[in-house]
Amino acid sequence: MRRFLSLPKPLVFAVAVVFSAAAVLYSMLWMYSIRWMSQVELGFDFNYIGNQHCEYVKTVEPGGPADRAGLTPGSRIIAINGRPIDDRDTLYEIWAHQKPGNTVELAVLRDGATTPVTLWATFRERRSPSKEAGLTERLSQGLLNAYPLVFLIVSVPVLFLRVDDRNVWLLALMFASFTAAPPLPNYLAGMASPLRDFAMVYHALFNTLLGVFFYCFFAMFPVRSFVERRLPWLKWTGLAIGLFFVLPGLSRGGPHAPALLGKVVGIEPASHIVWLLYNYGFITLGFASLIGNAVGATTPEARRKIRVILWGTLIGVVPVSVQRALSDFFHIHPPIPVVVVLVLMLFLFPLSFAYSVVKHRVLEVPVLLRRGARYLLVLRGFTILLAFVSIAVILIFALVLAPHLEALPGGGIRGGIALGAGFGTVLLWAGMLVHRRVGEKIDQAFFRSAYDARMILEDLVEKTRTAMERNELAALLEHHLNQALQPSSIVIYLETDGNQLSAVRGNTPADLATLSPADPRLAPIVQKGQPWEISEVEEEKLSHPFPLAPLHPDCLVPVLGRDSRLVGLLVLGQRLSEEPYSREDKQLLASVASQAGVALESIRLGEQIAERIEAERRVAQEMEFARQVQSRLFPQKFPKLRTLAYAGACAQAREVGGDYYDFLELRPGRLALVLADIAGKGISGALLMANLQANLRSQYALALDDIQQLLVSVNRLFYENTSDNSYATLFFADYDDSTQRLRYVNCGHLPPLLLRAGSASVSQTEAQPVIEHLDSTSTVLGLFENWQCNVAETTLNPGDLLLLYTDGVTEALNRAGEDFGESRLIDLVWSNRNLCPQALIGSIIKAVQQFSHEEQVDDITLVAARCRG
């Protein structure tokens, strides 16, 4: 299919014309032949028996030509005018060329006889039914006779609107198969040989391949189904098997088992069963693919698009498939009213596609309702009505005013002209006003989506002013533009770090993920400064090669900053309706881009506010602001874990400090415990701490799979953004709530203490603490550009206590110059081991501060965690 669609479009279009002409011609032949009846009859009812190649006589009209010739019920006609009964159309083909009074020779086998007898019968003119059919019966028969029309009305227009779409071709093939689903009319044999041969070939091809075409469509639409993903060769195998049955049946008008298959299975009915199993098997796979795609739809948009088709297919196709299966396998034939109901239900199948195309724009088929006859009828009708009203008002005005003008001198010609001109001016103004107001109401009634688009974009203009982050702004732009204009694709570039334009929303190739605003190839867009709809004329103004060409843009909307600098770019693809972006659309897009530019400037200024505040408020407010900012950098929320209770605290020696702890929820059930100590105190340490925290939080999603990659990235950013003598010690641990596994990296930090619960299992007097140190696995962060680390691992058991601390704890000095030390810390933890983590941290801070007589010279930061099992 891809190779076919890659052919020149005129050739593909020509194939579509031929295909559609064939479908329309066959449908016309079928609808004509289903109504056509022979002009002669012999007065007997019959039924064709395929495996005996004979016409079985069911009833004979008393006194009719057949009865006078000696034909009796139960007889079998094996030849007519010396021609054997080859198929079910032989009798009708002979009858079609007869006239009343002609004589026909019948070779008949009577009951129990082995030798045929020859009977001669004379045709009479076909008699009309004894009574006129009722209205319901006529309507039902007319509905059945027009069966192919619904499938043609849906498939042919869609095919020509999307002639280069694979799914549309599959839909056309599937609907063509449904037009060939009913049996060939018996009276088709009365047509000219070329038309009969064409109908036979068409019916044999599409009737045989109905099941596989049904599967092929739903295996590929709207996405590849689970069957297609696992068995991509199945559709080709099904087509090959179908052709295996088609080729021998071209002359018969339906599937026919090859002689080779007949020899293998032994009997013809068995080979027919093989074809039935093949056909219904692929129909079942088609239903499975459709349901699988509907259940597996990942977005509300996809679910909404396929939901109508799912129910239309299930309600429309399942009942008639069950009925056909009962008929094919068990020869159970329903009455005509049931058939009519089934056909009506089957019409829901193509109608569901039509509804989805118009309402939900599946297959991206354009629906230009403005050109609809209904709209033109209403609008022109109102114009004509307004003209009649105007004429009537003028006549009334003239009739009322004429007697008064005649009484004036000179017949009042001059006054009449003046009054007429004034009245005409007022009438013209009023008519234009009424026409505009009513025209707007008509447009609003017919083109609600256009009015909705305007309201949506105006709402977007207001909301962009309040966006606080780039992602928030990008999400607003993407949602509202998709809702209002429904482009086939949208890519949103916004200015990020490094003065680069990054694709914040939309799918882009790797080489287009970022753009440089200084790229000379984008200069024409910046110079224009307004939404730019790409057209054949406009494309000549673009550089070649145009960098955005792979995105297939239809409209480019530059977002400019206050200094006319390119700070963003909206790349909109062609609208799903294939309507061009109107002048009003571009005006609204320009307003959106203007407000987005202001919002981006505000966001950029917001990101620089910390630096500006530091420069502007160097005195009293500097420390207070820094303290407030730093307090918010510490964790505000504590993700809940089933097996771990934890807490953290930082007692700063000054208003701000260089210690940092954090709890990062990598994903539900995964928690990162972080403790860091920056080389430096006060403002410098706080700024470095904020830098480290920002780097870590912006990169910590990498820890889900690779702690080493995370810390290498953090070290690189820290190294690039700090001075040569700046560094930090850091302990980073990844705790898994389900396995109680602790993976950690110690970057030159004081080894955390792990107090094992087993040490407290004996009596209080005999208990001795069992302490494990989580030693360094790498050097400090920020000193070396090329930096590596190793990841260590341990497991926490129920009752185990983990303590992370900075040197402000162990290096606290008393007045005698003694430091608090690790030994005192271990004894303190051991004696308070039964406290909760928060209370344990409080007791340690209090003890250290009392030891140093409240003369704290360094930040005291701790994180405690207890495994609950």
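Structure report, in brief. (Residues numbered from 1 in each chain as written. Predicted model: local features only at pLDDT ≥ 70, side-chain atom pairs only at ≥ 80, totals over all residues. Heavy atoms only, no water.)

Okay, the nonpolar core next. Counting residues in hydrophobic clusters, the biggest one holds 73 residues, and the most contacted among them are Tyr147, Met174, Phe178, Phe214, Phe218, Phe349 and Phe353. Judged by nonpolar contacts, the second largest core, of 48 residues, contains Met689, Leu696, Cys747 and Trp787. (Core = buried A, V, L, I, M, F, W, Y, C linked by side-chain atoms within 4.5 Å. Buried < 20%, exposed > 50% of the residue type's maximum accessible area, 1.4 Å probe, protein only.)

In this section: the packing of aromatic side chains. Following the criterion strictly, the structure yields 30 aromatic pairs and no others. Ring centres of Phe214 and Phe218 lie 5.1 Å apart, and the angle between their planes is 70°; on these two criteria the pair is classed as edge-to-face. With Phe214 and Phe218 both in helix α9 (residues 210-220), this residue pair falls 4 residues apart, about one helical turn. Owing to a relative accessible area of 1%, Phe214 belongs among the buried residues under this scheme. Taken together, the aromatic side chains of Trp30, Tyr147, Phe151, Phe175, Phe178, Phe214, Phe217, Phe218, Phe221, Phe287, Phe347 and Phe349 make up a single cluster linked through ring pairs. Its end group placed over the ring of Trp830, Arg833 keeps NZ or CZ at 3.8 Å from the ring centre. (Phe/Tyr/Trp six-rings, centres within 6.5 Å; stacked < 30°, edge-to-face > 60°. Helix = DSSP H or I, 4+ residues; strand = E, 2+ residues; numbered from the N terminus. Lys NZ or Arg CZ within 6 Å of the ring centre and 35° of its normal.)

As a further point, take unusual backbone geometry. In this structure, Asn81 takes a positive phi of about 55° despite not being glycine. Here Asn81 is to be found in the loop between β4 (76-80) and β5 (83-84). The backbone of Gln740 shows a phi angle near 60°, a positive value even though the residue is not glycine. With respect to the element layout, Gln740 can be found in the loop between β18 (728-736) and β19 (741-747).

Moving on to the sheet that holds β18. The strand order across the open sheet formed by 5 strands is β16-β17-β18-β19-β22, and the pairing between neighbours is antiparallel. A strand with exactly one partner marks an edge of an open sheet, and here the two such strands are β16 (659-667) and β22 (792-795). Taking each pair of neighbouring strands and ignoring which way they run, the sheet shows an average axis angle of 20°. Across 4 bridges, β19 lies against β22 in antiparallel orientation. Residue pairing in the sheet places Tyr744 in a bridge with Ala792 of β22. Here helix α27 (residues 707-721) sits on the sheet in contact with β17 (670-678), β18 and β19, set at roughly 155° to β18. (Pairing = 2+ DSSP bridges. Axes fitted to C-alpha atoms, helices over the stretch in contact; angles between N-to-C directions. Contact = heavy atoms within 4.5 Å.)

Where strand β9 (residues 490-496) lies against strand β10 (residues 500-505), 5 bridges are found, and the strand directions are antiparallel. Its bridge partner being in β10, Tyr493 is matched across the sheet by Ala503. Here β9 hands over to β10 after 3 residues, with Gly498 in that stretch at a positive phi of 80°. Pairing of β10 with strand β11 (residues 514-515), which is carried by 2 bridges, proceeds in the antiparallel orientation. Counterpart to Ser502 in the pairing with β11 is Thr514.

Now for the packing of helix α2 (residues 9-35) against helix α8 (residues 193-208). Between α2 and α8, whose axes approach to 10 Å, the crossing angle comes to 110°. It follows from the interaxial angle that α2 and α8 lie roughly perpendicular. Residues Phe19, Ala22, Ala23, Leu25, Tyr26 and Leu29 of α2 form the contact with α8, whose participating residues are Leu195, Phe198, Ala199, Tyr202, His203 and Phe206. In the contact of α2 with α8, the residues fall into 11 nonpolar, 1 polar and no charged. (Parallel < 35°, antiparallel > 145°, perpendicular 65-115°, else oblique. Nonpolar A, V, L, I, M, F, W, Y, C, P; charged D, E, K, R; others polar.)

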